[in-house]
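Observations on the three-dimensional arrangement
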Amino acid sequence: MPNDRETRRVRVARDGPLLVEGPVEVVGEDGGVSRSDRFLVALCTCRRTRTAPWCDASHRRRARPAPPQEPADPEEQGTP
């Protein structure tokens, strides 16, 4: 696969994996190589997967932080 010069499309999804048109060859930090011949693969970006580098949808279980709440204004509530 190193000699394959065909352009690959990568789709980025917010709070999700990178979707890469395959086949792909992924080289990890340790030099290990993972290969997939599938037409589309999902690469984990949340680091919670048990099947690295492939996404196993663990990002769906991640709790999203609640938006910050405005403190209540005592004057609006009628409290002296």
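Residues numbered from 1 in each chain as written. Predicted model: local features only at pLDDT ≥ 70, side-chain atom pairs only at ≥ 80, totals over all residues. Heavy atoms only, no water.

The computed volume of the largest pocket comes to approximately 160 Å³. Together, Val26, Val27, Gly28, Glu29, Gly32, Ser34, Ala52 and Pro53 line the largest pocket. Residue composition of the lining of the largest pocket, by class: four nonpolar, three polar and one charged. (1 Å grid on protein atoms, 1.4 Å probe; cavity = no way out; pocket = protein on both sides within 12 Å on 5 of 7 lines; lining within 4 Å. Points joined across faces, edges and corners; volume = space filled by probe spheres on them. Nonpolar A, V, L, I, M, F, W, Y, C, P; charged D, E, K, R; others polar.)

What follows is about the pattern of salt bridges. Think of it this way: side chains of opposite charge can pair up when their charged atoms draw near. In the structure shown here, the tally under the stated rule is two salt bridges. Between Arg11 and Glu21 there is a salt bridge, and its shortest N-O distance comes to 3.7 Å. Within this pair, whereas Arg11 is found in strand β1 (residues 10–12), its partner Glu21 is found in strand β2 (residues 18–21), the two being separated by ten residues in sequence. One salt bridge connects Glu25 with Arg35, and the closest N-O pair in it is separated by 3.1 Å. Highlighted residues: Glu25 in strand β3 (residues 24–27) and Arg35 in strand β4 (residues 33–36), separated in sequence by ten residues. Arg35 gets classed as exposed once you look at its relative accessible area, which sits at 61%. (Salt bridge = Lys/Arg side-chain N within 4 Å of Asp/Glu carboxyl O. Helix = DSSP H or I, 4+ residues; strand = E, 2+ residues; numbered from the N terminus. Buried < 20%, exposed > 50% of the residue type's maximum accessible area, 1.4 Å probe, protein only.)

The next point concerns the nonpolar core. If you look at the biggest cluster of nonpolar residues, it comprises five residues: Val20, Val24, Val26, Val41 and Leu43. At the level of secondary structure, the elements contributing two or more residues to this core comprise β3 and β5 (40–43). (Core = buried A, V, L, I, M, F, W, Y, C linked by side-chain atoms within 4.5 Å.)

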